Amino acid sequence: MVTEATDTVAATRSRIQIQGAAKSFSGRTVVDIDDLTLGEYPVEGLIGPNGAGKTTLMRMIMHSTKLDRGTVTLVRPDGDDRGDVVLSELPTYAMAGLGVVKTNQVIMDFEKLTMWDSMLLSVAKPKQELPFKIFAEAPLFAEHEEEMRHYLDFFSLTDPADQAGSAGEKKLLDIVRCLLLKPSFLLLDEPTAGLPDDLTEKVMEAIRLLAASGTSVVVVEHDLNVIWNLSDQVHFMAEGSVILQGTPEEIRRHETVVEKYLGEGHVGG
Ligand SMILES: Nc1ncnc2c1ncn2[C@@H]1O[C@H](COP(=O)(O)OP(=O)(O)OP(=O)(O)O)[C@@H](O)[C@H]1O
Ligand SMILES: [Mg+2]
């Protein structure tokens, strides 16, 4: 039965529950979510027009923006006795330790860091975190060298002794930095924006592999081909709220709603 299969999937993964959560800027509400659970399916898409509140919602989950009200809770998989954690009571820096990790829509460029150092910085323990010390961290490098080389090769990042130059390289490096953290819950904010088709395919492949290994992945993307191809479930956000939820097929059936918010020609994909 479909329901049973869904239950099994849900119980084996980390989920994030958002309850009564709102955020406004200068008196204007940009996110107002009554009750939303993310991560019940391996890969979930979060779509909606510019300004719908997608990035703000992700920042609320990471508690890198303060909630006006409500809670965000990490719900552990069945059989994981570490207990649920109210993320909205914790500082952002605690998230990675809990397995909750996010990429950035706007790439944070670590000026003057090579790709090696940027990757090492992501896996460094707090006491090792000063960039100048990273150069000296041979054991840290040795511990992560194989997986770093794996991802460099996977995404064709050929010159890791150099800085990430193009916007695409920065984007991929940001994704690699997140993958190295072995997240149980990964939020990706427009991971394929600006990437050529071959690298978009690679990012999609990486997401599928990660999800197959048990990570819950939530992808925000304007490229709906990526969303329709990748997602098991889609949440459609508009004006701060989730107004539609369903499989890609179900969402695409709401042609008038999708076209109202995203413009014509988006549904067919
Ligand atoms: N720090 C801020 N200060 C003031 N307004 C903000 C701030 N961050 C976001 N907003 C506003 O909140 C609304 C939602 O923005 P958000 O970035 O969450 O949208 P989005 O769905 O991610 O859009 P896009 O698809 O363009 O990335 C927008 O109107 C935006 O201008
Ligand atoms: Mg955004």
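Description of the structure in this document. On a predicted model such as this, the values are computed, not experimentally measured, just so you know.

A count of helical and extended segments in the protein gives 10 helices and 10 strands. Residue burial in the protein is summarised as follows: out of 269 residues, 37% are buried. Considering only contacts in the protein between residues 6 or more positions apart, those separated by 24 or more positions represent 66%.

The subject of this paragraph is the sheet that holds strand β2 (residues 28–38). Read from one edge to the other, the open sheet built from four strands follows the order β2-β1-β4-β5, with strand pairing classed as antiparallel. Since the sheet does not close on itself, it has two edges, and those belong to β2 and β5 (85–86), each with one partner. Inspection of the sheet shows strand β4 (residues 69–75) paired to β5 by two bridges, in the antiparallel sense. Looking across to β5, one finds that L74 is bridged to V85.

Okay, helix α2 (residues 54–61) next. Of all eight residues in α2, seven are buried; the element is thus mostly enclosed. Those residues of α2 that fall on the buried side of the exposure criterion are K54, T55, L57, M58, R59, M60 and I61. Phi turns positive, to about 55 degrees, at H63, one or two residues after α2.

Our focus in this paragraph is the site of ligand 1. Near ligand 1, the surroundings consist of 11 residues, among which F25, N50, K54, T55 and T56 are the closest. A breakdown of the residues in the shell around ligand 1 according to their chemical character gives three nonpolar, seven polar and one charged.

This brings us to the sheet that holds strand β8 (residues 216–220). Spatially, six strands are ordered β6-β7-β8-β3-β9-β10 in an open sheet, and the strand pairing comes out mixed. This sheet does not close on itself; its edge strands, each paired only once, are β6 (100–102) and β10 (241–246). Strand-to-strand twist in this sheet, taken as the mean axis angle between neighbours without regard to direction, amounts to 20 degrees. The sheet contact formed by β6 and strand β7 (residues 185–189) spans three bridges and is parallel. Residue pairing for β7: V101 is matched across the bridge by L186. Against the sheet, helix α7 (residues 197–212) touches β3 (43–47), β7 and β8, its axis set at about 150 degrees to β8.

Within β8, five of the five residues are buried, which leaves the element mostly enclosed by the surrounding structure. Examined bridge by bridge, β3 and β8 share four bridges and lie parallel to one another. Opposite G45, over in β8, you have V219 as the bridge partner. Sheet topology note: the β7/β8 ladder contains five bridges and is parallel. Pairing of D189 across the sheet is with V220, part of β8.

Further remarks concern unusual backbone geometry. Phi at S156 takes a positive value of approximately 55 degrees, unusual for a residue other than glycine. Looking at the element boundaries, S156 is found in the loop between α5 (138–154) and α6 (167–180). Classification of S156 as exposed rests on a count of 11 C-beta atoms within 10 Å. One non-glycine residue with positive phi stands out, namely K182, at about 50 degrees. Take K182: it is sitting in the loop between α6 and β7. Residue classification places K182 among the partly exposed residues on the basis of 15 C-beta atoms within 10 Å.

Further remarks concern the nonpolar core. Ranked by size, the top nonpolar core spans 61 residues in total, and within it I61, L186, I207, V217, V219 and I227 carry the most contacts. It is α6 that contributes the most residues to this core, six residues altogether. When near neighbours in sequence (up to four residues on either side) are disregarded, I61 contacts I16, V72, L87 and L187.

In terms of burial, strand β9 (residues 233–238) is largely enclosed, as five of its six residues are buried. As paired strands, β9 and β10 are joined by five bridges and run antiparallel to one another. Of the residues in β10, the one forming a bridge with H235 is Q245. Hairpin remark: β9 followed by β10, antiparallel, with two residues in the connecting loop; positive phi at E239, about 50 degrees.

All right, on to the packing of helix α3 (residues 115–123) against α6 then. Helix-helix packing is characterised by the crossing angle of the two axes and by the distance between the axes. Contact geometry of α3 with α6 gives a least axis separation of 8 Å together with a crossing angle of 35 degrees. Of the two possible hands of crossing, α3 and α6 adopt the one that is right-handed. Residues M115, S118, M119, S122 and V123 of α3 form the contact with α6, whose participating residues are L173, V176, R177 and L180. A per-class count over the contact of α3 with α6 returns six nonpolar, two polar and one charged.

Calculation notes
Sequence order as written defines residue numbering, which begins from 1 separately in each chain. Chains and ligands are labelled by the order in which they are written, letters from A for the one and numbers from 1 for the other. Given that this is a predicted model, residues contribute local features only at a pLDDT of at least 70 and side-chain atom pairs are listed and counted only at 80 or more, while totals for whole chains, interfaces and linings are drawn from all residues. Helix and strand assignments come from DSSP, with helices taken as H or I runs of at least 4 residues and strands as E runs of at least 2, each series counted from the N terminus. Any residue with 12 or fewer other C-beta atoms within 10 Å of its own C-beta is exposed, any with 20 or more is buried, and the rest are partly exposed; the C-beta atoms used are placed from the backbone. Here, residue contact means that the backbone-derived C-beta atoms of the two residues sit within 7 Å. Should DSSP find at least two bridges between two strands, the strands are taken to pair. We call a residue near a molecule or strand when its C-beta atom, built from the backbone, sits within 6 Å of it. For this classification, Asp, Glu, Lys and Arg are treated as charged, while Ala, Val, Leu, Ile, Met, Phe, Trp, Tyr, Cys and Pro are nonpolar and the rest, including Gly, are polar. Axes here refer to lines fitted to C-alpha atoms; in helices the fit is confined to the stretch in contact. Angles between the N-to-C directions go from 0 to 180 degrees. Residues of type Ala, Val, Leu, Ile, Met, Phe, Trp, Tyr and Cys that are buried and joined through C-beta atoms within 7 Å form what is called a nonpolar core. Handedness of each helix crossing follows the sense of rotation of the near helix against the far helix: counterclockwise by less than a right angle gives left-handed, clockwise gives right-handed.

Keep in mind these numbers describe shape, not what the thing actually does.
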